[in-house]
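Here's the letter readout for the chains.
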Amino acid sequence: MQKSKFLTILFTFLFAISTQAQNCSLTDTLSSPQKTVNIPSLIAVGTITPAILTGMYVYMHNAWWSESQTDFHFDDGIDLKYALNLDKLGHFTASIIASNAFTDILQTTGVQRKNAIWWGASLAIVNATIIEIKDGYAPYWGFSMYDEIANIAGAFYPVLQEKVPFFQAFNFKWSYDINYSYETEYYKYRLAHDKLNSKGKPEGYSFIDDYDRQYFWLTIDWATLFCKDKPRYKLPYCIDLALGVSGENLKTEDPNKKIQREFYIGFDINLTKFFKKKNIPYHICKYLNFYHLPLPAAQVSPKAKGYWLMY
């Protein structure tokens, strides 16, 4: 369920960046309204985007949804037990990214920002809802209203930030512990239940389902809130505060290990602070900025522990 969501967002914002790069003459459109819509660009985007998404859905159908299908049904409650609901943060954050990406794509065609942000949010919801509907036919899942609520909330959060600037100081990020020197309980579970592939890894293992390695962050731009007259690109004003959450032993079969959430407090670098103009490099960093870079942090619950570098 989360694998399809992740790939959808990945391709969407990569397409957004490539669209902006191909429309360098429209760079100013991303920072200021344009009076007329570039019809050829709008037609191209309107043609290419559905084609890319259709191809992606066909691929995902063959890869993940083709084993078996049932009649459409709603989730029976198992979704609320999955990954301590950390996946809801994944839906929320992914929809924020998709909403931004669709908005930027529309702006490169000349659609004014005041209209593009609403259309961007709407397209992000449509995009996410299609995936949820597909899950409604999956035998092990179902259409999850809670996932859909997270999708809608995430899609409209950029609109809230646009309409109420106060919320621009609060952003959401994702990170992943790439250290494969240890095996999480999810990995061990898959190792015990799945066949091994040619690389000796369990066939059913998916990194995006391994929530023991994933972290979701709320970053707080304290400098914008309290030091508006200070240069944002200088230390310490370019460093934001970060509150993070993850999970531990989420797929364990060991009765001695407790399934629990982990909470963190640390720092974050807002890459967009280093740009005075919203040019192409700015927009590339804008999407890179959705990933929390490794920085010092401390775990505050369920135990206290410090990290020089925390993913």
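Numbering of residues starts from 1 in every chain and runs along the sequence as written. Thresholds applied to this predicted model are a pLDDT of at least 70 for local features of residues and 80 or more for the giving and counting of side-chain atom pairs; totals over whole chains, interfaces and linings are not thresholded and use all residues. The side-chain quantities take in all heavy atoms of the structure and omit both hydrogens and water.

Enquirer: When you look at the overall build of the protein in this model, what are you seeing that I'm missing?
Expert: Secondary structure elements follow DSSP: runs of H or I no shorter than four residues count as helices, runs of E no shorter than two count as strands, and numbering proceeds from the N terminus. Across its full length, the protein holds 8 helices and 6 strands. Going residue by residue from the N terminus, the α and β elements of the protein occur as α-α-α-α-α-β-α-β-α-β-β-α-β-β. In the protein, which comprises 311 residues, the proportion classed as buried is 47%. Counting only contacts in the protein whose residues sit at least 6 apart along the sequence, the fraction spanning at least 24 positions is 70%. Accessible surface computed for the protein: about 16100 Å², of which carbon and sulfur atoms make up 63%. Relative accessibility decides the category of a residue: with a 1.4 Å probe and only protein chains considered, values under 20% of the type maximum give buried, values over 50% give exposed, and everything between is partly exposed. Whether two residues are in contact is decided by their heavy atoms: any pair within 4.5 Å suffices. In this description, accessible areas are obtained by the Shrake-Rupley approach with a 1.4 Å probe, and a residue is regarded as covered only by the protein chains that are shown.

Enquirer: So what exactly am I meant to see when it comes to unusual backbone geometry here?
Expert: Excluding glycine, a negative phi dihedral is what most residues carry, and trans is how most peptide bonds are arranged. For the bond running from L235 to P236, omega is -5°, close enough to zero to count as cis. Here P236 is to be found in the loop between α7 (222-226) and β3 (239-248). Even without a glycine there, the phi angle at L84 is positive, about 55°.

Enquirer: Explain the pattern of salt bridges here, please?
Expert: Should their charged atoms come close, side chains of opposite charge can pair. By salt bridge we mean one thing: a side-chain nitrogen of Lys or Arg within 4 Å of a carboxyl oxygen of Asp or Glu. Summed over the entire model, instances satisfying the criterion amount to 13 salt bridges. The salt bridge partner of D87 is K88, with a shortest N-O separation of 3.1 Å. Here K88 falls in the buried class, since its relative accessible area comes to 12%. R213 is the salt-bridge partner of D210, the closest N and O atoms lying 3.1 Å from each other. Here D210 and R213 have matching classes, each one buried. Connected through shared salt-bridge partners, D79, D87, K88 and D147 make up one network.

Enquirer: Looking at this structure, I do not really get the nonpolar core. What am I missing?
Expert: Inside soluble globular proteins, nonpolar side chains tend to come together where they are buried. Nonpolar core, defined: a set of buried Ala, Val, Leu, Ile, Met, Phe, Trp, Tyr and Cys residues in which side-chain atoms within 4.5 Å join the residues together. Counting 13 residues, the largest nonpolar core has A83, L86, W174, Y205, Y211, F216 and L250 as the members making the most contacts within it. Residue assignment for this core shows that the elements contributing at least two residues are β1 (170-176) and α6 (185-193). Counting residues in each nonpolar core, the second largest holds 10 residues, with F92, Y157, A169 and I220 among its members.

Enquirer: Any chance you could explain the packing of aromatic side chains here in plain terms?
Expert: Two measures describe an aromatic ring pair: the distance that separates the ring centres and the angle between the ring planes. A pair of aromatic rings is counted whenever rings of Phe, Tyr or Trp (Trp by its six-membered ring) have centres within 6.5 Å, and the orientation is called stacked for planes under 30 degrees apart, edge-to-face for over 60 and tilted otherwise. Enumeration according to the criterion identifies 20 aromatic pairs in this entry. Note on Y82 and Y211: the rings are 5.8 Å apart at their centroids and 90° apart in plane angle, and the pair reads as edge-to-face. Of the two residues, Y82 sits in the loop between α2 (39-65) and α3 (86-108) while Y211 sits in the loop between α6 and β2 (214-220), which places them 129 residues apart along the sequence. Ring centres of Y187 and Y205 lie 5.3 Å apart, and the angle between their planes is 70°; on these two criteria the pair is classed as edge-to-face.

Enquirer: I would appreciate a short explanation of the packing of α3 against helix α4 (residues 113-135) in the present structure.
Expert: If you want to describe how two helices pack, look at the angle between their axes and the distance between the axes. A fitted line through C-alpha atoms serves as each axis, taken over the contacting stretch for helices, and the angle formed by two N-to-C directions is quoted from 0 to 180°. Where α3 contacts α4, the two axes come as close as 7 Å, and the packing angle between them is 135°. Taken together, α3 and α4 sit at an angle that is classed as oblique. Between α3 and α4 lies a crossing whose hand is right-handed. Every residue of α4 that contacts α3 at H91, S95, A98, S99, F102, T103, D104, L106 and Q107 is listed here: R113, A116, I117, W119, G120, A121, L123, A124, N127, A128 and E132. Each residue gets one label: Ala, Val, Leu, Ile, Met, Phe, Trp, Tyr, Cys and Pro are nonpolar, Asp, Glu, Lys and Arg are charged, and the others, such as Gly, are polar. Considering only residue class, the contact of α3 with α4 consists of 10 nonpolar, 7 polar and 3 charged. Angle categories are assigned with fixed cut-offs, so that under 35 degrees is roughly parallel, over 145 is roughly antiparallel, 65 to 115 is roughly perpendicular, and the rest are oblique. Note on convention: near helix rotated counterclockwise from far helix by under a right angle means a left-handed crossing. Clockwise means right-handed.

Enquirer: How do you make sense of the sheet that holds β2 when you look at a structure like this?
Expert: Any two strands with at least two DSSP-identified bridges between them are counted as paired. Pairing in this open sheet of 6 strands is antiparallel, and the strands run β1-β2-β3-β4-β5-β6 from one edge to the other. Taken across any chain shown, the strands that pair with only one partner, and hence form the sheet edges, are β1 and β6 (305-310). Between one strand and the next, the sheet's axes are offset by a mean angle of 25°, whatever the strand orientation. Pairing between β1 and β2: 7 bridges, direction antiparallel. What sits directly across from K173, in β2, is W217.

Enquirer: Explanation requested: the confidence of the model for the protein in the structure shown.
Expert: Caution is warranted with low-pLDDT regions, since their predicted coordinates should not be read in detail. Each residue carries a pLDDT score, the predictor's confidence in it, ranging from 0 to 100. Summary statistics for the protein give a mean pLDDT of 82 and a share of 77% for residues scoring 70 or more. Here residues 17-29 is modelled with pLDDT under 50, and outside its nearest four sequence neighbours on either side it reaches 23 contacts, counting other chains as well.

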